[in-house]
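Remarks on the overall topology
Spelled out from the first residue to the last, the chains are:
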Amino acid sequence: MTVDAVVPADTAAARLGVAPSPLAQLLLGRTLGTADLASERGVDCPGDLPSPSDPGLVERARRARAALGDRAFVLGHHYQRDEVIEFADVTGDSFKLAQKAAARPDAEFVLFCGVHFMAESADILTGDHQQVVLPDLAAGCSMADMAGLQQVEDAWAAFEAAGLADSTVPVAYMNSTAAIKSFTGRHGGTICTSSNADRSLRWAFERGERVLFLPDQHLGRNTAVLQLGLELDDCVVWNPHKPHGGVTPEQLRRAKMVLWRGHCSVHGRFSAANVADVRERIPGVNVLVHPECRHEVVTAADSVGSTEHIIRTLEAAPPGSSWAVGTELNLVSRLAAAHPDKSIVFLERTVCYCSTMNRIDLPHLVWAMESLVDGRVVNRIEVDPDTAHWARVALDRMLSLPGSGTTRG
Ligand code: SF4
């Protein structure tokens, strides 16, 4: 068995082997700053990626999956395409999938149909004998990439210089790189999901006066204000592209929540105008959104919660009810198809998939599975032991929170 690629933790730049840029978040189609359209076909797919129009593609996928049998475990994130979900042994959010992978120590290969930080988490939570494969290395997450390790280290140095590090507890969202989870573990912090962020914040405020929340400013703000009862004025935004984060030492000292300036490119698109528009178009509609949406969207909605909350809410909704859902479109489309007795529409009029999630398509999955059948481990995601240790420390703190055995985000 050979390993074609072992990928270091942190950022899309590291994945693609290019010098990191402080501004570029998605490096798709770029190599060393030069347009490279070939790389759009998938990083490190050495020319044998099946054609998407291959009429035998589904059959090839079935054959490869059958040949791998119990040696492989295929995970499909809720936001994946239908063609990929069809081959998933289990579907879920990132944390549930990582837990499911950890519960299958007999599986030699974990094929993670999701994005890079999720595959890192799976590698951290699975045994050393298991190998995690991401079918397309360009499947990153723009939110996770908005908090680079050096940027966060620099911010922490500013906290130390202001004498505030000892009274600040970092809390990192699951949607962060292994390097950021590791930073959080080393500095006494914890991880959160979108369904236990309130518990993680309460835990942190028992240990410090303020929280450095990474990397999604919206989840941090929404949780602090709507669930912990803090004021918007208690929150400041740390912009890593400005000197001293764009925050004065006095503002930093007074803040209870220091929100990293990151956001999800999908959920960040929804606006309060979308909510007003759908209410006008569909009288009686219920608006259901994810807490990665902006604060004005969440406060205008009828219900807010994690992906699993959205799924459960729609399952429990009465027949004939109307819903406008603000989350990723693949999931909303599947929920609409699964509940034909309810009217379920996407909150925004324009189509919006998670472009990086959609990098994983059937050709990449077939390529990864057929490679494993041939004895080649491709696109392996491996977190170095020190990073994995401290990330695990932060994850274990989250898992020890009351009720966290069943949390999802
Ligand atoms: S939906 Fe948002 S948070 Fe999730 S992978 Fe895509 S960009 Fe990242």
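Values in this document were obtained by computation on a predicted structure and should not be read as measured data.

Rules of the game
- Residues numbered from 1 in each chain as written.
- Predicted model: local features only at pLDDT ≥ 70, side-chain atom pairs only at ≥ 80, totals over all residues.
- Buried ≥ 20, exposed ≤ 12 C-beta atoms within 10 Å, placed from the backbone.
- Helix = DSSP H or I, 4+ residues; strand = E, 2+ residues; numbered from the N terminus.
- Pairing = 2+ DSSP bridges.
- Right-handed = clockwise from strand over helix to strand, strands pointing away.
- UniProt positions renumbered as here; feature names shortened; annotations may be inferred.
- Contact = placed C-beta atoms within 7 Å.
- Expected span 1.5 Å × (residues − 1).
- Arc of directions from axis to C-beta.

**What to know about the pairing of strand β16 (residues 322–326)**
Along β16, four of the five residues are buried, which leaves the element largely enclosed by surrounding structure. Where strand β14 (residues 286–289) and β16 come together, four bridges link them in parallel fashion. Within the sheet, the bridge partner assigned to Leu-288 lies in β16 and is Val-325. Here four bridges tie β16 to strand β17 (residues 343–346), and the two strands are oriented parallel to one another. Residue pairing across strands places Trp-323 opposite Ile-344, the latter belonging to β17. Once you follow β16 into helix α15 (residues 329–338) and on to β17, the crossover reads as right-handed.

**A few points about the UniProt feature "binding site: iminosuccinate" (unreviewed entry) in the chain**
Taking the UniProt record as the reference, the feature "binding site: iminosuccinate" (unreviewed entry) is found at His-77, Ser-94, Tyr-173, Met-174, Asn-175, Ser-194, His-290, Pro-291, Glu-292 and Thr-307. Assignment of secondary structure puts Pro-291 in the loop between β14 and α13 (295–300). Owing to 26 C-beta atoms within 10 Å, Pro-291 belongs among the buried residues under this scheme. Discounting chain neighbours no more than four positions away, the residues touching Pro-291 are Ser-194, His-218, Leu-219, Asn-222, Thr-223, Val-298, Val-304 and Gly-305. By the secondary structure assignment, Glu-292 is in the loop between β14 and α13. Judged by the 29 C-beta atoms lying within 10 Å of it, Glu-292 is buried.

**Examining helix α16 (residues 362–373)**
Taking 1.5 Å of rise per residue, the 12 residues of α16 would be expected to cover 16 Å, and the 16 Å separating its terminal C-alpha atoms lies within 8% of that figure. With 10 of its 12 residues buried, α16 lies for the most part within the structure. Buried-residue contacts for α16 involve α2 (57–68), β5 (72–77), α3 (82–85), β7 (109–113), β8 (131–133) and β18 (376–377). At the C-terminal side of α16, Gly-375 shows a positive phi close to 90°.

**Some details on helix α7 (residues 149–161)**
Compared with an ideal rise of 1.5 Å per residue, which puts 13 residues at 18 Å, α7 spans 18 Å between its outermost C-alpha atoms and is within 8% of the ideal. Restricting attention to buried positions, one finds in α7 the residues Gln-151, Val-152, Ala-155 and Phe-159. The arc that holds the buried residues of α7, viewed along the axis, is 95°, so those residues lie on one side. Along α7, exposed side chains directed more than 90 degrees from the buried face belong to Glu-153, Ala-157, Glu-160 and Ala-161. Just beyond α7, the residue with positive phi is Gly-163, at close to 75°.

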